[in-house]
Amino acid sequence: MKNMEENNKNNAVEPRNFEEALERLEKLVEALESGKLTLDETVNYFKEALSIANWCYKKLQIIEEEIKILVEKEGKFELENFKLPED
(Lines give C-alpha, C1' and ligand atoms only; values in the text may rest on other atoms or scores of the structure.)
Protein backbone atom coordinates (compact mmCIF):
# COMPACT_ATOMS: atom_id res chain seq x y z
CA MET A 1 0.00 0.00 0.00
CA LYS A 2 2.80 2.42 0.84
CA ASN A 3 4.48 1.80 -2.51
CA MET A 4 1.29 2.65 -4.39
CA GLU A 5 0.81 5.88 -2.44
CA GLU A 6 4.46 6.81 -2.93
CA ASN A 7 4.18 6.08 -6.65
CA ASN A 8 1.13 8.31 -6.99
CA LYS A 9 2.86 11.14 -5.14
CA ASN A 10 5.96 10.73 -7.28
CA ASN A 11 3.97 10.43 -10.50
CA ALA A 12 1.87 13.51 -9.82
CA VAL A 13 2.84 15.88 -12.59
CA GLU A 14 1.54 19.40 -12.95
CA PRO A 15 -0.47 19.67 -16.16
CA ARG A 16 1.21 21.41 -19.09
CA ASN A 17 -1.97 23.25 -19.98
CA PHE A 18 -5.62 23.66 -19.09
CA GLU A 19 -6.85 21.26 -21.77
CA GLU A 20 -4.51 18.51 -20.57
CA ALA A 21 -5.72 19.06 -17.02
CA LEU A 22 -9.38 18.78 -18.04
CA GLU A 23 -8.69 15.63 -20.04
CA ARG A 24 -6.96 13.98 -17.05
CA LEU A 25 -9.72 15.13 -14.72
CA GLU A 26 -12.36 13.58 -17.00
CA LYS A 27 -10.46 10.26 -17.02
CA LEU A 28 -10.20 10.28 -13.25
CA VAL A 29 -13.92 10.98 -12.86
CA GLU A 30 -14.78 8.17 -15.30
CA ALA A 31 -12.63 5.75 -13.32
CA LEU A 32 -14.12 6.90 -10.02
CA GLU A 33 -17.67 6.53 -11.36
CA SER A 34 -16.97 3.06 -12.77
CA GLY A 35 -16.98 1.47 -9.34
CA LYS A 36 -14.13 -0.84 -10.40
CA LEU A 37 -11.37 0.75 -8.31
CA THR A 38 -10.06 -0.55 -5.03
CA LEU A 39 -10.48 1.62 -1.98
CA ASP A 40 -6.83 2.71 -2.14
CA GLU A 41 -7.11 3.53 -5.84
CA THR A 42 -10.31 5.48 -5.21
CA VAL A 43 -8.66 7.59 -2.52
CA ASN A 44 -5.59 8.23 -4.67
CA TYR A 45 -7.65 9.11 -7.78
CA PHE A 46 -9.81 11.41 -5.68
CA LYS A 47 -6.76 13.19 -4.26
CA GLU A 48 -5.31 13.62 -7.75
CA ALA A 49 -8.65 14.91 -9.06
CA LEU A 50 -8.81 17.50 -6.26
CA SER A 51 -5.28 18.60 -6.99
CA ILE A 52 -6.04 19.04 -10.70
CA ALA A 53 -9.32 20.83 -9.97
CA ASN A 54 -7.45 23.27 -7.70
CA TRP A 55 -4.80 23.81 -10.39
CA CYS A 56 -7.55 24.56 -12.94
CA TYR A 57 -9.26 26.98 -10.57
CA LYS A 58 -6.02 28.89 -9.97
CA LYS A 59 -5.29 28.95 -13.70
CA LEU A 60 -8.75 30.37 -14.42
CA GLN A 61 -8.28 33.06 -11.76
CA ILE A 62 -5.02 34.15 -13.39
CA ILE A 63 -6.58 34.19 -16.85
CA GLU A 64 -9.61 36.12 -15.60
CA GLU A 65 -7.30 38.86 -14.37
CA GLU A 66 -5.60 39.03 -17.76
CA ILE A 67 -8.75 39.27 -19.86
CA LYS A 68 -9.74 42.75 -20.86
CA ILE A 69 -13.01 43.90 -22.34
CA LEU A 70 -13.71 46.81 -24.59
CA VAL A 71 -16.25 49.14 -23.03
CA GLU A 72 -17.86 52.17 -24.57
CA LYS A 73 -17.99 55.13 -22.21
CA GLU A 74 -19.29 58.48 -23.34
CA GLY A 75 -18.63 57.71 -26.99
CA LYS A 76 -15.07 56.48 -26.34
CA PHE A 77 -13.86 52.92 -26.15
CA GLU A 78 -11.71 51.89 -23.19
CA LEU A 79 -10.19 48.62 -22.00
CA GLU A 80 -11.32 47.35 -18.61
CA ASN A 81 -10.55 44.22 -16.66
CA PHE A 82 -13.09 41.49 -17.16
CA LYS A 83 -15.03 40.56 -14.03
CA LEU A 84 -17.47 37.71 -13.69
CA PRO A 85 -20.76 38.69 -12.10
CA GLU A 86 -20.87 37.68 -8.47
CA ASP A 87 -23.75 35.51 -7.29
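Model, not experiment: these values are computed from the prediction. All chains use their own residue numbering, which begins from 1 and follows the written sequence. A pLDDT threshold of at least 70 governs which residues receive local features in this predicted model, and a stricter bar of 80 or more applies before side-chain atom pairs are shown or counted, although totals over entire chains, interfaces and linings include all residues. Only hydrogens and water are removed before side-chain values are computed, so all heavy atoms of the structure are retained for them.

Asker: Looking at this structure, how should I read the overall build of the chain?
Answerer: Check the secondary structure of the chain and you find three helices and two strands. Where helices and strands are cited, they refer to DSSP runs of H or I of at least four residues and of E of at least two residues respectively, numbered from the N terminus. Traced from its N-terminal end to its C-terminal end, the chain shows the element sequence α-α-α-β-β. Only protein chains enter the accessibility calculation, which uses a 1.4 Å probe; a residue is then buried when its area is under 20% of its type maximum, exposed when over 50%, and partly exposed in between. The buried share among the 87 residues of the chain stands at 13%. What makes two residues a contact is simply this: any of their non-hydrogen atoms within 4.5 Å. Sequence separation of at least 24 residues holds for 39% of the intrachain contacts in the chain that already meet a minimum separation of 6.

Asker: Please clarify how a nonpolar patch on the surface should be interpreted in this entry.
Answerer: Within the patch definition used here, like charges are joined within 9 Å and nonpolar side chains (Val, Leu, Ile, Met, Phe, Trp, Tyr) within 5 Å, considering only residues with over 30% relative accessible area and no salt bridge. Using the Shrake-Rupley algorithm and a 1.4 Å probe, accessible areas are obtained, with residue cover drawn only from the displayed protein chains. Think of a salt bridge as a Lys or Arg side-chain nitrogen and an Asp or Glu carboxyl oxygen that are within 4 Å of each other. Residues Ile 63, Ile 67 and Ile 69 make up a contiguous nonpolar surface patch of about 200 Å² in total accessible area. Tracing the sequence through the fold places Ile 63 in helix 3 (residues 39-66).

Asker: What am I meant to see in helix 3 here?
Answerer: Any helix carries an expected span of 1.5 Å times its number of residues minus one. Between its terminal C-alpha atoms helix 3 stretches 41 Å, which fits the 40 Å expected from 28 residues at 1.5 Å a residue. Among all positions of helix 3, only Asn 44, Ala 49, Ile 52, Trp 55 and Cys 56 are buried.

Asker: Would you explain the packing of helix 2 (residues 18-34) against helix 3 in this entry?
Answerer: To obtain each axis, a line is fitted to C-alpha atoms, and for helices this fit is confined to the stretch in contact; angles are then taken between N-to-C directions over 0 to 180 degrees. The N-to-C vectors of helix 2 and helix 3 enclose an angle of 150°; their axes lie 9 Å apart at closest approach. Classified by the interaxial angle, the pair formed by helix 2 and helix 3 is roughly antiparallel. Taken as a pair, helix 2 and helix 3 cross one another with a handedness that is left-handed. Facing Phe 18, Ala 21, Arg 24, Leu 25, Leu 28, Ala 31 and Leu 32 of helix 2, the residues of helix 3 in contact are Thr 42, Tyr 45, Phe 46, Glu 48, Ala 49, Ile 52, Ala 53, Trp 55, Cys 56, Lys 59 and Leu 60. Following the grouping adopted for this structure description, the nonpolar residues are Ala, Val, Leu, Ile, Met, Phe, Trp, Tyr, Cys and Pro, the charged ones are Asp, Glu, Lys and Arg, and the polar ones are all others, Gly among them. In terms of residue class, the contact of helix 2 with helix 3 is made up of 14 nonpolar, one polar and three charged. Each angle receives one of four descriptions, namely roughly parallel if under 35 degrees, roughly antiparallel if over 145, roughly perpendicular if within 65 to 115, and oblique otherwise. Crossing handedness follows the turn of the near helix against the far one: under a right angle anticlockwise gives a left-handed crossing, and clockwise gives a right-handed one.

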